[in-house]
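Coordinate inspection notes
As a plain string of letters, each chain reads:
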Amino acid sequence: MSVTRAAGFTASGVTAGLKPSGRPDLALVVNTGPDHVAAAVFTTNRVKAAPVLWSQQAVADGRLQAVVLNSGGANACTGPAGFADTHRTAEHVAEVLSAAGAEVGAGDVAVCSTGLIGTRLPMDLLTAGVTAAAGSLDEDGGADAARAIMTTDTVPKTAAYADEGWSVGGMAKGAGMLAPGLATMLVVITTDAVLDAEAADAHLRKACAASFERVDSDGCMSTNDTVVLMSSGASGVRPATQDFQAALDETCHDLAMQLLRDAEGSAHDIAVEVQHAASEADALEVARAVARSNLFKCAVFGGDPNWGRVLAAIGTTGADFEPDRIDVGFNGVEVCRDGAIGEDRSLVDLSGRDVRVSINLRNGRGRATVWTNDLTYDYVKENAEYST
């Protein structure tokens, strides 16, 4: 259950001293081949961190040999000096791996950073950490790597999928600023299946669209979101297109749900399901509007199936619907019918962690689900005190 589940990968996680807590804060994942196929997707935020700008260039040729990730600092909004730090990090990774006989170029190293925006990384500590991580690489190092990329996460997040002769593994971090594009989120997914770069890119984008891009914890988009897929081809097996897509979809969904369950301060995990919309785009717009309503999220935290807040959020969208044809249910109880009072709201039980809000627009066949969580006192406290 880790990023080293697939053959052809080693990983490590070490303490470089980037975090005041002294916890692990630097991870390295290396593709030992024989193939070095890669694809990646990144935040759509116009304010992009230096590691994102670097990694976009690095993966443009569909090839990567390593990913280095640090917590303890986002290296975002740090100007040309911050980009130089990222470049230096990639160069140092290439140097230490090449010294061990791997022949890695800096342009084949993706860099990912997470933490506080607007601060430079202590490069002496970081480069020393890279050296230590390279010396600790192991086929069983995935668990250490997953722990090293945690920030406000309370648990490491890993997943794996095995098929006949090939497999997929992955790790993720993220517990706040979870909103598309992607979520505040660093994800590395590995496979020993044989893929070409074009197929890897198509598979990854499709998987992300139905998983990470449907997790919307707090409506806030990060500057550092990165999801990397690397293929070693070590299994020698080229799976059928639909089989690999299913494996990648399952792995990404698993990691996305782990991100949601660890969202900062949350007490409820909420699936906002929209059906019978005029189109999938309409369904997604409606689901996202409800998921991002602070009034709705506070109501769920308070155990209140306040369907009026759901309708109010739907009404802000450009979706095609008639207000007097909307049905809304909370955990199977249809509390709103035809845009008006439905079943007794006291029948709804919101005491459990999982909440399902179903919205029927009765206007077509489009459907979509967005996963979110409630807005709690703990979320406010954690983010009010984040930089201190």
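Residues numbered from 1 in each chain as written. Predicted model: local features only at pLDDT ≥ 70, side-chain atom pairs only at ≥ 80, totals over all residues. Heavy atoms only, no water.

The chain has the name Arginine biosynthesis bifunctional protein ArgJ in an unreviewed UniProt entry, where Microlunatus spumicola is given as its organism. Turning to the chain, the UniProt record has this under Subunit (unreviewed entry): "Heterotetramer of two alpha and two beta chains." The record in UniProt for the chain states the following under Function (unreviewed entry): "Catalyzes two activities which are involved in the cyclic version of arginine biosynthesis: the synthesis of N-acetylglutamate from glutamate and acetyl-CoA as the acetyl donor, and of ornithine by transacetylation between N(2)-acetylornithine and glutamate." (UniProt positions renumbered as here; feature names shortened; annotations may be inferred.)

Of all seven residues in strand β7 (residues 167-173), seven are buried, a share of seventy percent or more. Here β7 shows two buried faces, one formed by S167, G169, M171 and K173 and the other by V168, G170 and A172. Note: strand β6 (residues 157-162) against β7, six bridges, orientation antiparallel. Considered in β7, the bridge of K157 is made with A172. Hairpin connection between β6 and β7: a loop of four residues separates the two successive antiparallel strands, and G165 in this loop has a positive phi of roughly 90°. By the bridge criterion, six bridges tie β7 to strand β8 (residues 186-191) in an arrangement that is antiparallel. Looking across to β8, one finds that M171 is bridged to V188. (Buried < 20%, exposed > 50% of the residue type's maximum accessible area, 1.4 Å probe, protein only. Helix = DSSP H or I, 4+ residues; strand = E, 2+ residues; numbered from the N terminus. Pairing = 2+ DSSP bridges.)

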